[in-house]
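Structure assessment
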Amino acid sequence: MDRQPILEGDRVLLRPLREEDWEALFAIASDPAVWEQHPMHDRWREDVFRAFFDDAMAQGGALAVIDKTKDVIIGSTRFQAYDEADGGSVEIGWTFLAPRYWGRGLNPEMKRLMLEHAFESVARVDFRVGETNYRSRIALENIGAERSRRTELAQYQGRRVLHIVYEITAESFASGPLVSNASDDDGGDEAGES
């Protein structure tokens, strides 16, 4: 699976993240509102976001989200954890958008593009979201993701962090809200998954 495609919708363009995107992306990430419900709530700090950005570059699945009307970066997302077993799966997540773009239907458009691309290669897409990140959980449910029984437990700054795993299968996507209402469904926006 190509985890760094160029995907284009009506309003957003997704393209591989580049080192030179650092400044524009940190300008967005430095707003504490982006991370307020996120388990790693201090990603607005430059040192913490630098580690996040460097990891995104090293993992090889990071995409810049571009507002096509203004030709500016408005956030980032990733294809992570690709696994060929059992029909294949990939994680979509690590997503954040500038707050001024929340609630404008860009997240559903972006996720539709990513899911269409993923389902050319895999049978299931996973989304990992912090237990208390209600904005992201609602947004995932609005695009047709279903909560699985899987969870992941991690530690951050000495505290327990529980991630809930949502999923969309190729079959559920084919009859889900992103396909049936691709042109007019707002679907909600999230600040950041994972």
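Because the structure is predicted, anything quoted here is derived from the model rather than measured. (Residues numbered from 1 in each chain as written. Predicted model: local features only at pLDDT ≥ 70, side-chain atom pairs only at ≥ 80, totals over all residues. Heavy atoms only, no water.)

Before going further, it helps to spend a moment on the side chain of Arg15. Note that Arg15 resides in strand E2 (residues 12–16). Engagement of the side chain of Arg15 in a polar contact is seen with the side chain of Asp21, the distance being 2.8 Å. (Helix = DSSP H or I, 4+ residues; strand = E, 2+ residues; numbered from the N terminus. Polar contact = N/O pair within 3.5 Å; in protein donor to acceptor, adjacent residues only side chain to side chain.)

Judged from the 6 bridges that link them, strand E3 (residues 62–67) and strand E4 (residues 72–83) form a sheet pairing that is antiparallel. Residue pairing in the sheet places Ala62 in a bridge with Arg78 of E4. Adjacent in sequence and paired antiparallel, E3 and E4 are bridged by 4 residues, among which Asp71 carries a positive phi angle near 55 degrees. Pairing analysis gives 6 bridges linking E4 to strand E5 (residues 89–97), with the strands arranged antiparallel. When the bridges of E5 are listed, Asp83 appears paired with Ser89. If you look at the hairpin formed by E4 and E5, you'll find 5 residues sitting between the two strands, and Asp86 has a positive phi there, around 55 degrees. (Pairing = 2+ DSSP bridges.)

We now examine unusual backbone geometry. Of note, the phi angle at Ala81 is positive, near 50 degrees, even though the residue is not glycine. With respect to the helices and strands, the residue Ala81 is situated in strand E4. Overall, the relative accessible area of 52% leaves Ala81 in the exposed class. One non-glycine residue, Trp94, lies in the positive phi region at around 60 degrees. Tracing the sequence through the fold places Trp94 in strand E5. (Buried < 20%, exposed > 50% of the residue type's maximum accessible area, 1.4 Å probe, protein only.)

Keep in mind these numbers describe shape, not what the thing actually does.
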